[in-house]
2 protein chains.
Amino acid sequence: MTPSAADSPADLIISACTVLVHDDQERIGFQQDAAIVVRNGVVEAVTTTAGAADLPAAERLEARGQVALPGLINCHTHAPMVALRGLAEDLPTEEWFNDVVWPVESNLTERDVELGARLACAEMIRAGVTCFADHYFAMDAVAQVVAECGLRALLGEAYFSSQGPEGRERSLDFALRHRGSADGRITTALAPHSPYTVGDADLAATARLAGEHALPVHLHAAENRDQTETSLARHGVTPIEVLERTGILDTDVLLAHGTGIVDRDLPVLERAAGRTAVATAPRGYLKFAWPDTTPVRALREIGVDVGLATDGAASNNSLDVWESMALTSLVQKSHEGDPRWLTSRQALHHATLQSARAVGLGDSVGSIAPERRADIVLVDLTGPHTLPVHDLAATLVHSARSADVRTTIVDGRILMRDRALLTIDVPAVVRELEERLPALVDRSHGRRIQDYDT
Amino acid sequence: MTPSAADSPADLIISACTVLVHDDQERIGFQQDAAIVVRNGVVEAVTTTAGAADLPAAERLEARGQVALPGLINCHTHAPMVALRGLAEDLPTEEWFNDVVWPVESNLTERDVELGARLACAEMIRAGVTCFADHYFAMDAVAQVVAECGLRALLGEAYFSSQGPEGRERSLDFALRHRGSADGRITTALAPHSPYTVGDADLAATARLAGEHALPVHLHAAENRDQTETSLARHGVTPIEVLERTGILDTDVLLAHGTGIVDRDLPVLERAAGRTAVATAPRGYLKFAWPDTTPVRALREIGVDVGLATDGAASNNSLDVWESMALTSLVQKSHEGDPRWLTSRQALHHATLQSARAVGLGDSVGSIAPERRADIVLVDLTGPHTLPVHDLAATLVHSARSADVRTTIVDGRILMRDRALLTIDVPAVVRELEERLPALVDRSHGRRIQDYDT
């Protein structure tokens, strides 16, 4: 349908902006002085400002000096962990898990999860994130927050084999109950924690359930080199090979981190029957001083999408996907020893289409184009730090910051306008969360929800 | 003098904030519910909000929910190069210099430099930078901008030996004419470009002039491993050894980058007669895919201060020292393979006292304390991305962003209030700069100001 054919007012028209578009080869381009027409939560047309001037619309956003991007997607996080931001600093991975995070998580209540998720969603909306893939506990509370605040999410209830078969059953129950909820904004996954905390039988059962119910699987895999080496020493196979032999790679799978993916894993991933994607969250790899980062170049060569992520704020300290985009470019250049690799346009491709496919939404989001859901952020490039513009892709990736996002829109609904959040009351959330923190961070009981022993 | 002894109103009182302070061991602490009393451009007292409530003051800033930090210091930049932001992307160092930057810089006019510097100062004030060490051409224009906009700066006119002795003489002339100008906010340095573009005789003459006139020297040195290896192959000595044998290390010297500093350089730097500091700008090292970063740990072990920097925006893409602070922590952890190294408190020590000493202002800025110049930034920590606070140092370094700076003060004068710049008209600067860009970036002439051939 062309805009002029519309016989009723559009819901929203965004005009006078530059729009990031993809051509049929998925190359990034920028359409100047453009307008986006939104109806029923969907992009109806990307046209010119002049072409949209006379169209009727219930609401108009004049976005001069701004760039419209597909909303950022956080492909792997544990949103409620914002409650623990800064609690476990400067520690090696094992101490971070065993001495702080897993003891504290044994105190978690559904209310803590709800408040943490609400604060996290506020942070993400402010940072231009329109969709996130969450992997945590008490996910009913997270689903409730997503429904209320207007974000889009791929949600999975995490489990360990130490919980017995009930963990897996709860994860399936969650996935089936919430799939398609929040007007379709919630999709779901089965969420085993990782091959080092979920046994082979449990992974195989998960793979069967995923197949039966057409659910994707979201889990940590080959997070770092230590995990791969331990797996090889104990089982003779890498974590990725464990995923193959248990059938997980026959499902649509989202692998978090993968900095421990080694050369022998590449043919395994390449022949995987399901859609395989990896989420990269490079800040945490630097902070934990892991020796590697996600092998993005090798993964791209075998056609695996790499989405951008932040991991949880207890390790990453923020849910700033914009920073992940810049850091992915910088760290990949350094890691490959090649300044020509992972250009700003490549980074924007990771941030848009690859991230959308990674969370299973490759057909509905990740691009501003007719029939895609209207998940859009408007970025203000009039600040002195983003001028002048010689290369708009570079300006976006390397000079702009998440705080330059002025407006965040999901399904055509404005969740933040001119930096003001419209669906979350942050002071109220923080007030109640802060009252609960002493009980949440108490470790005097000596319990933990799981042991880290890769 | 205690506040109560003041017999006339203070110029400024900032109250109800948390103040970053240093104890007599230079450890970072945070004084809650504090007030800062400013008179004649200097901090007169750091007291309690209650203690300052009844003091008369010409101006008051109520800063609830904010943290007062010593203003950030950009220890090495080429401010006017913001005009080239994004012009030379994804290139190896040699092509970046020879194919883009040095050809373009052959077009530079004093007006380009002035406009670039003004835009850069706007960016820095917005990012909480109160002082910068600049190393560029046509520095009279930069000095003029600094005088007008209210920032503090260490300025040096850059030169190559290819310019003949006139380059060195202009650098000296600039340093003597501007030293102490702008009400003392401008200090100056001699600014040879580097040991690979300035010959030994010229460096030796520079060292003699520095000694005669009590001027510091600011130059690029051992920027990367290639430069060190080339120097060894051609001259049998490292760039740092060149600086020693030419007498540069007998002066107070600020070395930019130093990612090519090798083990044999450490005793050389340790025995240097002058005050030696290194400026680290880690973003560019990642972007150029240099194999190393500044060896901060080794430098700290021999007592060398390491200040934070951004380099120019043509390589770094921004003048965001806050990002340099976070990246220094992250990259150093990764580089050392040690997550316990370069904690947030260490990062804040680099950002404050070490950076102040690096630019030769160790006695006057870098700390919020009586008799220090009132160079202060107020950072808003009420955003969802900085809550809750379990560890304020970590919140500042790893969760906060430069855009959280609300107010920037130099010598007690407010240069930005609630994100609004008070001394620079950005749209006017950008309008004129953009008109000049086509002539500035023209490379059809085939000239360059210098060859990169380390």
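Residues numbered from 1 in each chain as written. Chains lettered and ligands numbered in written order. Predicted model: local features only at pLDDT ≥ 70, side-chain atom pairs only at ≥ 80, totals over all residues. Heavy atoms only, no water.

1. Observations concerning the relation of the copies chain B and chain A
Aligned on chain A, chain B shows an RMSD of 0.0 Å; the corresponding rotation is 180 degrees and the shift along the axis is 0.0 Å. This pairing of chains is accounted for by a two-fold axis. Taking C-alpha positions as the reference, the residue of chain B nearest the rotation axis is B:Ala403, at 3.2 Å. A high fraction, 100%, of the interface residues of chain B reappear at the interface in chain A, so the copies pair face to face through one surface. (Least-squares fit on C-alpha atoms with pLDDT ≥ 70 in both. Contact = heavy atoms within 4.5 Å.)

2. Some remarks on the pattern of salt bridges
Two side chains of opposite charge can pair, provided their charged atoms sit close to one another. According to the stated counting rule, one finds 70 salt bridges over all chains in the structure shown. A salt bridge links A:Asp451 to A:Arg448; its shortest N-O distance comes to 2.8 Å. What makes A:Asp451 partly exposed here is its relative accessible area of 44%. Note that B:Arg264 is salt-bridged to B:Glu241, the shortest N-O span being 2.8 Å. (Salt bridge = Lys/Arg side-chain N within 4 Å of Asp/Glu carboxyl O. Buried < 20%, exposed > 50% of the residue type's maximum accessible area, 1.4 Å probe, protein only.)

3. Comments concerning the packing of aromatic side chains
Counted under the stated rule, the structure contains 22 aromatic pairs over all chains. With centroids separated by 5.7 Å and ring planes inclined at 15 degrees, the aromatic side chains of B:Phe288 and B:Trp290 adopt a geometry described as stacked. Here B:Trp290 falls in the buried class, since its relative accessible area comes to 10%. Each residue in the set A:Trp96, A:Phe97, A:Trp102, A:Tyr136, A:Phe137, A:Phe160, A:Tyr196, A:Tyr285, A:Phe288, A:Trp290 and A:Tyr452 is aromatic and connected to the rest through ring pairs, giving one cluster. (Phe/Tyr/Trp six-rings, centres within 6.5 Å; stacked < 30°, edge-to-face > 60°.)

4. Some thoughts on the sheet that holds strand β13 (residues 276-280) of chain A
Residue and element names in this part refer to chain A. Pairing in this open sheet of 4 strands is parallel, and the strands run β11-β12-β13-β14 from one edge to the other. Edge positions in the sheet fall to β11 (217-221) and β14 (305-308), since each has one partner strand and no second. Here the average twist between neighbouring strands, direction ignored, is 30 degrees. Two elements, strand β12 (residues 253-257) and β13, share 4 bridges in a ladder whose sense is parallel. Paired with Ala256 across the two strands is Ala279, which belongs to β13. (Pairing = 2+ DSSP bridges. Helix = DSSP H or I, 4+ residues; strand = E, 2+ residues; numbered from the N terminus. Axes fitted to C-alpha atoms, helices over the stretch in contact; angles between N-to-C directions.)

5. Focus on the pairing of strand β2 (residues 28-39) of chain B
Residue and element names in this part refer to chain B. Two elements, strand β1 (residues 12-22) and β2, share 8 bridges in a ladder whose sense is antiparallel. Across the sheet, the residue bridging to Ile14 is Ile36, located in β2. In textbook terms, the turn of a hairpin is the stretch between consecutive antiparallel strands, and for β1 and β2 this stretch comprises 5 residues, one of which, Glu26, has a positive phi near 70 degrees. Here β2 runs beside strand β3 (residues 42-48); their pairing, made up of 6 bridges, is antiparallel. Bridge pairing links Arg39 to Val42 in β3. The antiparallel hairpin formed by β2 and β3 contains 2 residues in its connecting segment, where Asn40 sits at a positive phi of about 55 degrees.

6. Quick notes on the layout of surface pockets
In this structure, the largest pocket occupies an estimated 560 Å³ of space. Taken together, 26 residues make up the lining of the largest pocket; nearest its centre are A:Arg126, A:Ala403, A:Arg419, B:Ala403 and B:Arg419. Taken together, the residues of the lining of the largest pocket sort by class into 4 nonpolar, 9 polar and 13 charged. (1 Å grid on protein atoms, 1.4 Å probe; cavity = no way out; pocket = protein on both sides within 12 Å on 5 of 7 lines; lining within 4 Å. Points joined across faces, edges and corners; volume = space filled by probe spheres on them. Nonpolar A, V, L, I, M, F, W, Y, C, P; charged D, E, K, R; others polar.)

7. Thoughts on the sheet that holds strand β13 (residues 276-280) of chain B
All names here are of chain B. If you walk across this open sheet you meet the 4 strands as β11-β12-β13-β14, and the pairing is parallel. If you trace the sheet from one side to the other, it starts and ends with β11 (217-221) and β14 (305-308), each paired once. Averaged over all pairs of adjacent strands, the angle between their axes in this sheet comes to 30 degrees, without regard to strand direction. As judged from the 5 bridges shared by β11 and strand β12 (residues 253-257), these two strands associate in the parallel manner. Counterpart to Val217 in the pairing with β12 is Val253. On top of the sheet, helix α14 (residues 344-358) reaches β12, β13 and β14; it is set at about 105 degrees to β14, its chief contact.

8. With respect to the UniProt feature "domain: Amidohydrolase-related" (unreviewed entry) in chain A
Per the UniProt record, the feature "domain: Amidohydrolase-related" (unreviewed entry) sits at residues 68-414 of chain A. Within the segment residues 68-414 of chain A, helix and strand shares are 43% and 18% respectively, and the terminal C-alpha atoms sit 13 Å apart. (UniProt positions renumbered as here; feature names shortened; annotations may be inferred.)

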